[in-house]
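Below are the chains, spelled out letter by letter.
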Amino acid sequence: MLLNFGKAPFLILLVAVATGIGVLFTHSRYEEARPDLVLMTHAKLHADVYLAKLPEFERKYGVKVDVQVVEEVALRTRLLAAFAAGTRVPDLVEIPQDAALFLRGPIRDIGFLDLTKWVKARNLEEKMVSTRFSMWERKGVIFALPHDVHPMMLAYRADIVEDQLGIDVSKIETWDDFVAMARRIVRYGDDGRPARYALELQNDGGYLLQSLLLQRDVGLFDADGNVTFDSDVAADTVAWAVRQLRGPNRIAYGLGFGPTLWEGMRDGLVLFYFAPDWRTRTIEEFAPSLAGKMKLMPLPAWTAGGRRTSTWGATGLAATKGGRNPELAKRLMEFLYVDQADGGKSSADLHILSPVRAAWSLPIFDTPDPYFRGQPIMRLYSRLAGDVPADYANPFITKAQNKRDSAFVAASAYYSGHGEDGFVEFVRAELKRQADAVRAVIARNQITEQ
Amino acid sequence: MNLIHVVLLCAAAVGALLYAVDRRRPLLAGRYARLIVLVFLAAGFLAPFAWITCAAFKDRRVLLEYAFLPPLSAWREMINLGNFRKLFEPRTSLQGTIVFWQYILNSLFLSSAATVIQVFFCSLGGYALAKFRFQGRRNLMLFMAGSLMLPSMLFLAPTYDMLVHIGWIDSYAALLVPSAANAFGMFLFRQAMLSVPNSLIEAARVDGASEFHIYSRIVMPLVQPMTAAFCLIVFMGQWNAFLGPQIYLQSDYKLTVPVILSQYVSQFQEEYGMFLAGTFLSIVPIAVLFLALQKEFISELTTGANKG
Amino acid sequence: MNPAENERVGRRRRSPTPRWTPYLFVAPYIAVTLAFFAYPFAHAIELAFYQTAGPNARVWVGLGNFRYILSDPDFRTALYNTVVFSVFGTAVMLPSSLGLALVLNSGRGRMKAWFRLFFFSPSVVGQIFVGIIFAVVLAPDYGLLNRFLQALVGWGLETRWLENSATVMPAIIITNLWLYAGFNMVYFLAALQNVDQNLVEAARIDGAGCWRVFRHVTLPAIKPVAIFVLLISTIGSFQLFELPYALMRSTTSPYGPNNSALFIVGYLYDAAYSIGDLGLASAVGWVLALIMLTVSLIQLKLTGAAND
């Protein structure tokens, strides 16, 4: 009878039966594994380091800990779903700052453990950079321990900038100095030689614009949750970035992220790159042929003597309410994030500076990095770490990013069409308009936030 | 002047030559011109496949350095199976270590099970719609047509909510049962079964055959091409499905190939090498199935459309 | 549809089969629909009148969600983009797939089958794969498309398809064309087989040129199929989501620069997963359903296909 349907469905039926047996068999095998604690992270690199560290913790407490890597968007959707459905959740979750949807709704409905008391009791706010807690704080409740400080520098092609062009970057103190230097070395590629730009910026605003804004203390929100990206300083910064990307004397170029970035870096299409500590690790991994050709310098300041760093990205470690052993989970948090029993080795391996202030003076950070021509890069970052600007949590952060970047793109279009004529006024008005749109969304959603 | 121009010029020259040689038969020249156009179009359509194949075997560090393949002299260091090796490295999860084979197995199971289930239930329903006149048939068909017009996204959240309540989250039932009998498939089978002669059915009934017997022994053998085409449609759809598995499945070991591959490329990860190697592998089963069934598929697709 | 034929079956039946047989055959569909459509359907209606946040919090807002959507400039952007995509996407899609079919149709035998296979092959790849792959293929400076353009016409190497609000839409349309032109071509190929060759010959003898033959003989013959393809591409266009979602996931603006790749379903997804309001998302879904129904009905009316 089965063949009455034809050969194709019959064969597919055979496949279904065979794979069905395979699925039943293999799946039952997985369900047996039950570790005491499970940590889920979006970063493969973090997981590798934790796996190396964990045996010590496991020996000390006689438990089994598992680390799982899940891509960020998937982690977000699945965890939200699990919170809603009450299905099994990992005990600990490493979440990036953008995953702010977890902070939506009334505080009591948030699926993460309230860590406020524990953090205060353990004196962690004093031990660590206190502003880094702000990224997972909602209405005074702390939901995660900060993983990093992420001070920012500029990474540059030293073989071209110094050896070939003979530029002394220590003379560059402000962005004005930088632009003046850059204008001498950029080529637009219309003279038959390949193009060369000085600075990496994103055509759609994005994280790099955000870093420039944060350097001037313009976050998307302030500590009280007010939208703040439409100030005059913000408009000035946006206008500056647009001019560098689109102006007649442009010095910046958008390489995007992913494979095109590494190709552009290798080809010397862009010479200076925004480099928070974590990105030096990525650069070493994806542009191995540039070993010994790159160096780091502090970010130029906006005014002489001003802040020479900024920040990009932030990860926190949160414990779930549905976890089986919250006390053990907290102990693991402290073990991974606060203790520096390994003398900062994991920090140095990841190229991620811990927010624990005491760790900054560890000798391991003096190790020269041959990739960056022997600069002790972690030491350079640690000198800037105290100066990193604060950034504040908000459930509507993705909406705000979208609106700010929309304003940036609109400003670029205006500048390409009209030039300087009425440009600054336009940027101001556009930022105001978009900030108001975010305010409207927040106001509309206030009723369910109570 | 580069390779592309040379190729184009050569093609034009060949065309002109043919035309000059055989002036009395311009149709022949026309045929060659048509062939050249077809070759170029086909090259355009196949270029991304060529790119995926090359990229899957390229060292990930030279992914974009060469449009397709590096020069032969550099093959030794740039062409390798590194991406595949990395793809098949065991990865840790909440429930233990998982190897990529598991996702292939899951995808194969989900796709083939969905196909078998849908072929059976949709053909059953299609038979009733094609060969019976019953109270409410017209309304049922109107309702089915209307349901095809509703955006599937609309039901994502409510369906999710429901699956939570009946405990089907993280279960394959959530992906297999709701679509087991669907309007689209029933319409396709109905269309094909309309052309089955009624006299055959009548004769069987006179002989006292049961309706299920008529369906399975008389009608289904006559619509085998449609069944084959529908198999391909369902299998392809489920094999490539992303949003449903991404949202309804939780445990890592239950995930499917597209869900796991999409995780390799994002803001925080850029494992294009692994992703492309996986994509390359994921095209293989579909390509095999497609090559085996393309004749039925294309002919059925076409008769369906002609009947409108 | 062919009611007459079914009527005949009904009348002639000597009724050895019980009356409930057809209901038994459609029972699986009705069961699945009642279980997995009725509740989500009702729930989606209910949700549309609430504002939600997190798993538990919800507040009745009446028609507030609909008022908000209609006044939100982002929704207008999404609607505008969706309409632009469906109009231009279809305007490019129909002639391209028909053109492919026409070029192929005059050929014969094995070669035709091969080219048909080549043009069709992209549609076996899932949207999620295509999106991520085309993000690289469309990349500035190093992407396959720009390298090709540069080699061919000496321009376009730096085109930032996905980072420029003006080029995002063409990029999506190109990708969509690559994916589905071959699929739609197959429909047209079949339709072309139905063109009466005697009529074509007669027209030729009367001295009609290629264009006039096409306009007065071919086109009327393939009109039903053209309407069918128009309808399915429009419905597909309004539900576009995975393709732009995957294309944009490696950039930092998931909905394109200045929301130039924000479509209605993307707006719905954003309401659910970035604002976290499932009520708003449901309301968007209903607005979309209404738009799709209206557009389909208008198309059927205008093309005069409603009475078929």
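Quick notes on the rules
- Residues numbered from 1 in each chain as written.
- Chains lettered and ligands numbered in written order.
- Predicted model: local features only at pLDDT ≥ 70, side-chain atom pairs only at ≥ 80, totals over all residues.
- Helix = DSSP H or I, 4+ residues; strand = E, 2+ residues; numbered from the N terminus.
- Rg over C-alpha atoms; globule rule 2.2 N^0.38 Å.
- Buried ≥ 20, exposed ≤ 12 C-beta atoms within 10 Å, placed from the backbone.
- Contact = placed C-beta atoms within 7 Å.
- Axes fitted to C-alpha atoms, helices over the stretch in contact; angles between N-to-C directions.
- Parallel < 35°, antiparallel > 145°, perpendicular 65-115°, else oblique.
- Left-handed = near helix turned anticlockwise from the far one by under 90°.
- Pairing = 2+ DSSP bridges.
- Domains from an automatic or database assignment.
- Nonpolar A, V, L, I, M, F, W, Y, C, P; charged D, E, K, R; others polar.
- Right-handed = clockwise from strand over helix to strand, strands pointing away.
- Core = buried A, V, L, I, M, F, W, Y, C linked by C-beta atoms within 7 Å.
- Expected span 1.5 Å × (residues − 1).
- Bend = angle between axes of the 7 residues up to and from the residue.
- pLDDT = per-residue confidence, 0-100.

### Observations regarding the overall build of chain B
Phase 1 of the analysis: Check the secondary structure of chain B and you find 15 helices and 2 strands.
Phase 2 of the analysis: Relative to its length of 308 residues, chain B is extended, with a C-alpha radius of gyration of 26 Å against a globular reference of 19 Å.
Phase 3 of the analysis: Overall, chain B is about 75 × 70 × 35 Å in size when its C-alpha atoms are taken along their principal axes.
Phase 4 of the analysis: Within chain B, the fraction of its 308 residues that count as buried is 46%.
Phase 5 of the analysis: In chain B, once contacts between residues fewer than 6 apart in sequence are set aside, the share between residues at least 24 apart is 70%.

### Here we look at the overall build of chain A
Phase 1 of the analysis: When helices and strands are tallied, chain A shows 17 helices and 12 strands.
Phase 2 of the analysis: Relative to the globule expectation of 22 Å for 450 residues, the C-alpha radius of gyration of chain A, 25 Å, shows essentially globular dimensions.
Phase 3 of the analysis: Counting only C-alpha atoms, chain A reaches 75 × 65 × 50 Å along its principal axes.
Phase 4 of the analysis: Counting across all 450 residues of chain A, residues that qualify as buried make up 53%.
Phase 5 of the analysis: Here the contacts in chain A between residues at least 6 apart in sequence split such that 75% fall between residues at least 24 apart.

### Describing the packing of helix α15 (residues 397-418) of chain A against helix α16 (residues 423-444) of chain A
Residues and elements named next belong to chain A.
Phase 1 of the analysis: The geometry of α15 relative to α16 is characterised by a closest axis approach of 9 Å and an angle of 160 degrees between their N-to-C directions. Here α16 runs roughly antiparallel to α15, going by the angle between their axes. In this structure, the crossing between α15 and α16 has a hand that is right-handed. Contact with α15, carried on its side by Lys399, Ala400, Lys403, Arg404, Ser406, Ala407, Ala410, Ala411, Tyr414, Tyr415 and His418, involves Phe423, Phe426, Val427, Glu430, Leu431, Gln434, Ala435, Ala437, Val438 and Val441 of α16 and no other residues of that element.

### A few points about the sheet that holds strand β8 (residues 197-200) of chain A
Strands belonging to one sheet form pairs held by backbone hydrogen bonds; the direction of such a pair is parallel or antiparallel.
Residues and elements named next belong to chain A.
Phase 1 of the analysis: As summarised here, the arrangement of the 5 strands in space is β9-β8-β10-β7-β11, forming an open sheet in which the pairing is mixed. This sheet does not close on itself; its edge strands, each paired only once, are β9 (252-253) and β11 (294-298).
Phase 2 of the analysis: Note: strand β7 (residues 152-157) against β11, 5 bridges, orientation antiparallel. Directly across from Ala155, in β11, lies its bridge partner Leu296.

### What to know about the pairing of β8 of chain A
Residue and element names in this part refer to chain A.
Phase 1 of the analysis: With 2 bridges joining them, β8 and strand β10 (residues 270-276) adopt parallel strand pairing. Pairing of Tyr197 across the sheet is with Val270, part of β10.
Phase 2 of the analysis: Examined bridge by bridge, β8 and β9 share 2 bridges and lie parallel to one another. Residue pairing in the sheet places Glu200 in a bridge with Tyr253 of β9.

### Looking at the interface of chain C and chain A
Phase 1 of the analysis: Counting from both sides, the interface comprises 32 residues of chain C and, opposite them, 34 residues of chain A.
Phase 2 of the analysis: Elements supplying a minimum of two residues to the side of chain C that touches chain A: β1 (50-53) and β2 (57-60) of chain C.

### Here's the deal with the domain arrangement of chain B
How big an interface is tends to be expressed through the accessible area that disappears when the partners come together.
Residue and element names in this part refer to chain B.
Phase 1 of the analysis: As far as domains go, chain B holds domain 1 (3-80) and domain 2 (91-307).
Phase 2 of the analysis: Using only C-alpha atoms to locate each centre, domain 1 and domain 2 end up separated by 37 Å.
Phase 3 of the analysis: Counting from both sides, the interface comprises 6 residues of domain 1 and, opposite them, 6 residues of domain 2.
Phase 4 of the analysis: Grouping the constituent residues of the side of domain 1 that touches domain 2 by class yields 4 nonpolar, 1 polar and 1 charged.

### Concerning unusual backbone geometry
A negative phi holds for most residues other than glycine; trans holds for most peptide bonds.
Phase 1 of the analysis: Of note in the backbone geometry, Asn123 of chain A takes a positive phi value of approximately 60 degrees without being a glycine.
Phase 2 of the analysis: Relative to the assigned elements, Asn123 of chain A resides in the loop between α4 (116-121) and α5 (124-127).
Phase 3 of the analysis: Phi at Asn258 of chain C takes a positive value of approximately 50 degrees, unusual for a residue other than glycine.
Phase 4 of the analysis: Within the element layout of this structure, Asn258 of chain C appears in the loop between α11 (242-248) and α12 (264-273).
Phase 5 of the analysis: When the 24 C-beta atoms within 10 Å are taken as the criterion, Asn258 of chain C is described as buried.

### Some words on the interface of chain B and chain C
Phase 1 of the analysis: With 71 residues of chain B at the contact, the number on the chain C side is 78 residues.
Phase 2 of the analysis: Mapped onto the side of chain B that touches chain C, the elements with two or more residues apiece are α2 (26-57), α5 (100-131), α6 (137-148), α7 (156-165), α10 (198-206), α12 (224-240), α14 (257-262) and α15 (272-307) of chain B.
Phase 3 of the analysis: Looking at which element gives the most residues to the side of chain B that touches chain C, the answer is α15 of chain B, with 14 residues.

### Remarks on the pairing of strand β1 (residues 37-41) of chain A
Residues and elements named next belong to chain A.
Phase 1 of the analysis: Burial within β1 is extensive, with 5 of its 5 residues counted as buried.
Phase 2 of the analysis: Chirality of the crossover, the property in question, places the unit of β1, helix α2 (residues 44-61) and strand β2 (residues 65-69) among those that are right-handed.
Phase 3 of the analysis: In the sheet, β1 pairs with strand β3 (residues 92-96) via 2 bridges, with the strands oriented parallel. Each bridged residue has a counterpart across the sheet, and for Leu39 the counterpart in β3 is Leu92.

### Let's talk about the domain arrangement of chain A
Phase 1 of the analysis: Here the domain parsing of chain A yields domain 1 (32-149 + 313-339) and domain 2 (152-311 + 390-449).
Phase 2 of the analysis: Facing the 16 residues of domain 1 of chain A at the interface are 14 residues of domain 2 of chain A.

### A short note on the sheet that holds β1 of chain A
All names here are of chain A.
Phase 1 of the analysis: Judged by pairing direction, the sheet is mixed, and its 5 strands sit side by side in the order β2-β1-β3-β12-β6 without closing on themselves. In this open sheet, the two strands that pair with only one neighbour each are β2 and β6 (145-146).
Phase 2 of the analysis: Where β6 and strand β12 (residues 315-319) come together, 2 bridges link them in antiparallel fashion. Among the inter-strand pairings, Pro146 is bridged to a residue of β12, identified as Gly316.
Phase 3 of the analysis: Sheet strands touched by helix α12 (residues 326-338): β1, β2, β3, β6 and β12. Its angle to β12, the strand with the most contacts, is close to 160 degrees.

### Points about the nonpolar core
Phase 1 of the analysis: Of all hydrophobic cores here, the largest spans 318 residues; its most connected members are Leu154 and Val238 of chain A, Cys231 of chain B together with Leu268 and Val284 of chain C.
Phase 2 of the analysis: It is α5 of chain B that provides the largest number of residues to this core, a total of 17 residues.
Phase 3 of the analysis: Each residue touching Cys231 of chain B, except ones within four places of it in the same chain, is listed here: Ala8, Pro9 and Ile12 of chain A together with Thr115, Val119 and Leu293 of chain B.

### Here we look at the environment of Val103 of chain C
Phase 1 of the analysis: Mapped onto the elements, Val103 of chain C comes out in helix α4 (residues 73-105).
Phase 2 of the analysis: Assessed through the 17 C-beta atoms surrounding it within 10 Å, Val103 of chain C is described here as partly exposed.
Phase 3 of the analysis: For Val103 of chain C and Leu189 of chain C, which are 86 residues apart along the polypeptide, the C-alpha to C-alpha distance reads 9.9 Å.
Phase 4 of the analysis: Among all residues touching Val103 of chain C, those that are not within four sequence positions of it are Arg34, Val37 and Leu38 of chain B.

### Observations regarding the packing of α4 of chain C against helix α10 (residues 210-238) of chain C
Residue and element names in this part refer to chain C.
Phase 1 of the analysis: Between α4 and α10, the shortest axis-to-axis distance is 9 Å and the interhelical angle comes to 145 degrees. Seen along the crossing, α4 lies across α10 with a hand that is right-handed. Contacts between α4 and α10 involve Thr82, Phe85, Ser86, Gly89, Thr90, Met93 and Leu94 on the former and, on the latter, Ala226, Val229, Leu230, Ser233, Thr234, Ser237 and Phe238.
Phase 2 of the analysis: Classifying every residue of the contact of α4 with α10 gives 7 nonpolar, 7 polar and no charged.

### With respect to α2 of chain A
Residues and elements named next belong to chain A.
Phase 1 of the analysis: For α2, with 18 residues, the first-to-last C-alpha span of 25 Å sits near the 26 Å given by 1.5 Å per residue.
Phase 2 of the analysis: The largest bend along α2 reaches roughly 40 degrees and is located at Lys53, with the proline Pro55 sitting one to four residues downstream.
Phase 3 of the analysis: All of the buried residues along α2 are His46, Ala47, Tyr50 and Leu54.
Phase 4 of the analysis: Along its buried surface, α2 packs onto β1, β2, β3, α12 and α13 (345-350).

### With respect to helix α1 (residues 3-21) of chain B
Phase 1 of the analysis: Compared with the 27 Å implied by 1.5 Å per residue over 19 residues, the 27 Å span of α1 of chain B between its first and last C-alpha is a close match.
Phase 2 of the analysis: The element α1 of chain B is barely covered by neighbouring structure, given that only 0 of its 19 residues are classed as buried.

### A word on the environment of Ala228 of chain B
Phase 1 of the analysis: Counting through the fold element by element, Ala228 of chain B comes out in helix α12.
Phase 2 of the analysis: It is 6.7 Å that separates the C-alpha atoms of Ala228 of chain B and Phe297 of chain B, two residues lying 69 residues apart in sequence.
Phase 3 of the analysis: Leave out the neighbours within four places in its chain, and Ala228 of chain B touches Gly6 and Ala8 of chain A together with Leu293, Glu296 and Phe297 of chain B.

### Remarks on the confidence of the model for chain A
Phase 1 of the analysis: Here chain A shows a mean pLDDT of 91. Residues at 70 or above account for 99%.
Phase 2 of the analysis: The least confident element of chain A, judged by mean pLDDT, is helix α3 (residues 72-85) of chain A at 78; the most confident is β7 of chain A at 98.

### A short note on the confidence of the model for chain B
All names here are of chain B.
Phase 1 of the analysis: Counting all residues, the mean pLDDT for chain B is 86, and 94% of those residues have values of 70 or more.
Phase 2 of the analysis: For chain B, strand β1 (residues 91-93) is the element with the lowest average pLDDT, namely 73, and α5 is the one with the highest, namely 96.
Phase 3 of the analysis: Predicted complex, confidence summary: ipTM 0.87, pTM 0.89.

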